[in-house]
Amino acid sequence: MIHVAVLGYGTVGSGVVEVIETNKKDINKRAATELNIKYILDLRDFPGDPYESKVVHDYEVILNDPEVTVICETMGGINPAYDFSKRALLAGKSVCTSNKELVANHGPELISIAREHHCNYLFEASVGGGIPIIRPLNYSLTAEKIDSITGILNGTTNYILTKMDKEGADFEEVLKEAQDKGYAERNPEADVEGYDACRKIAILSSLMCGKNVKYEEIYTEGITKISSADFLYAKQMNKSVKLLAMSRDTENGFFAMVAPFMISKEHPLYCVNDVFNAIYVHGNMLGDSMYYGRGAGKLPTASAVVSDVVDCARHQGKTVMCFWENEDVKVVNIENDKGKFFVRVDSDKKDAAIEAFGALAEINVGIEKEFAFMTQVMTEKEFNDKIEKIGGCINRIRILSA
Ligand code: HSE
């Protein structure tokens, strides 16, 4: 029997208990042992809950119980999750987490402590919710050199952008609806400003290169400047707007960014709508592969945490290999990255825009007093210099090359 403790009885933590309870027959068969929830750590009491008797308020009870060998950290945030996870690993107890913030900040350190203490620090649920993506990168694509990863990694923003696209609604309006439905947080900054996707792409990028990609070095733009007018233009061009998190191993260094992009109907990520996430991976032998599913939510995320618990049960006393060394990778400045841009300027800047960017085909959707166009391929720096020269623009969106 494997005795498990769950830290945090919130959305994901209660999901972990529900998944283990609902699928216990299959899970126990696959784990080749029985999983028993021995403790649930939370500040609150849960009178009437079937697991009420398992709730404890003192972490030391869990840490000092030698029977507990696997801990599910579903608390979120850095503190006290970092301290709890580190002490568990130092005591030889495996930790399975959904906490992307902690993984992005302290992943290599916690993985290395787990290795030294013959246990595991596993984080399948930290990226893409229920989508298996950490395991494919770690165990399945081991014959590949992964060249690039492009993902829709945030369910809240994908829901908002999908609604704006399909219903012509404005950002603020859809954000409010997403909050009312419980998809978006009351403080939605981490989602809409791209910070959540940034931490997730930092984790995937680190696994891609086996070294540490610091999320602080990743250029990040959110979706707050995207308007319903941008979607009118996107439609005219047979495109949509998606918040993409991407990284590439280039000859000039490691490239990573998070920003809204216009993507064409032919791209596999175009069809990823609502709260769904997808990760599009290019390997040098396999070519393209894509991983799709529910990127957020109680049961999908909990399912990924429990899959890690099963892995711990299968590898008791052993560490599952994970190549993510402490050495930092330099992320290159995006200014030399090349691409096309969709641009909207006030109509009185039309001549200046044509002079700066060359002869341009206008994209017209009948919006008065503005001039919209697509640029040729140019670097970010060239683009920014030209836009500065004409005194700014209403908006600009990068265009994903096919
Ligand atoms: N806020 C996140 C999202 C939750 O919307 O994708 C899952 O990490």
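A few points on the structure. (Residues numbered from 1 in each chain as written. Predicted model: local features only at pLDDT ≥ 70, side-chain atom pairs only at ≥ 80, totals over all residues. Heavy atoms only, no water.)

1. Some words on empty space enclosed by the protein
In step 1: Under the counting rule described, the total for this entry stands at two cavities of 30 Å³ or more.
In step 2: The computed volume of the largest cavity comes to approximately 70 Å³.
In step 3: Around the largest cavity sit Y121, L122, F123, E124, I134, R135, N138, Y139, D308, D311 and C322, which together line it.
In step 4: Of all the secondary structure elements, the ones that give two or more residues to the lining of the largest cavity are β6 (121–122), α6 (134–140) and α12 (298–314). (1 Å grid on protein atoms, 1.4 Å probe; cavity = no way out; pocket = protein on both sides within 12 Å on 5 of 7 lines; lining within 4 Å. Points joined across faces, edges and corners; volume = space filled by probe spheres on them. Helix = DSSP H or I, 4+ residues; strand = E, 2+ residues; numbered from the N terminus.)

2. Considerations on the site of the ligand
In step 1: Within the structure, the ligand sits among K100, N154, G155, T156, D191, D196, K200, G295 and A296.
In step 2: Within the side chain of T156, one N or O atom sits 2.6 Å away from an oxygen atom of the ligand.
In step 3: K200 has a polar side-chain atom sitting 2.8 Å from an oxygen atom of the ligand.
In step 4: Protein chains shield 81% of the accessible area of the ligand, which is 260 Å² for the free molecule.
In step 5: Among the cavities detected, the one that contains the ligand is the largest pocket.
In step 6: Counting only elements with at least two residues in the shell around the ligand, the list comes to α7 (155–167) and α10 (195–209).
In step 7: Taken together, the residues of the shell around the ligand sort by class into one nonpolar, four polar and four charged. (Near = heavy atom within 4 Å. Polar contact = N/O pair within 3.5 Å; in protein donor to acceptor, adjacent residues only side chain to side chain. Areas by Shrake-Rupley, 256 points an atom, 1.4 Å probe, with all protein chains shown as cover. Sits in = over half its atoms within 2 Å of the grid points. Nonpolar A, V, L, I, M, F, W, Y, C, P; charged D, E, K, R; others polar.)

3. Comments concerning unusual backbone geometry
In step 1: For the bond running from N79 to P80, omega is 10°, close enough to zero to count as cis.
In step 2: The phi torsion at K369 lies on the positive side, around 65°, for a residue other than glycine.
In step 3: As for its position among the elements, K369 is in the loop between α13 (350–357) and β14 (370–374).

4. Considerations on α7
In step 1: The terminal C-alpha atoms of α7, which comprises 13 residues, lie 18 Å apart, in line with the 18 Å expected from a rise of 1.5 Å per residue.
In step 2: The element α7 is largely enclosed, with a buried count of eleven among its 13 residues.
In step 3: Of the residues making up α7, those classed as buried are G155, T156, T157, N158, Y159, I160, L161, T162, K163, M164 and D165.
In step 4: Of the surrounding secondary structure, the elements contacted by the buried residues of α7 are β7 (146–152), α8 (171–180), α9 (189–192), α11 (228–236), β9 (239–250) and β11 (276–283). (Expected span 1.5 Å × (residues − 1). Buried < 20%, exposed > 50% of the residue type's maximum accessible area, 1.4 Å probe, protein only. Contact = heavy atoms within 4.5 Å.)

5. Thoughts on the layout of surface pockets
In step 1: By volume, the largest pocket amounts to about 1100 Å³.
In step 2: Residue lining of the largest pocket: 38 residues in total, with V12, K100, E185, D196 and A296 positioned closest to the centre.
In step 3: Those elements that place two or more of their residues in the lining of the largest pocket are α1 (11–22), α5 (100–116), α7, α9, α10 and α12.
In step 4: Its residues placed into classes, the lining of the largest pocket shows ten nonpolar, 18 polar and ten charged.
In step 5: Split by domain, the lining of the largest pocket shows at least three residues from each of two domains, domain 1 (2–129 + 298–314) and domain 2 (137–294).
In step 6: Taken as a whole, the second largest pocket holds about 480 Å³ of empty space.
In step 7: What lines the second largest pocket is a set of 21 residues, among which M246, R248, K338, L400 and S401 lie closest to the centre.
In step 8: Per-element tally for the lining of the second largest pocket: the top contributor is strand β13 (residues 338–346), with four residues.
In step 9: The class makeup of the residues in the lining of the second largest pocket is ten nonpolar, five polar and six charged.
In step 10: Three or more residues apiece are contributed to the lining of the second largest pocket by two domains, here domain 2 (137–294) and domain 3 (336–399). (Domains from an automatic or database assignment.)

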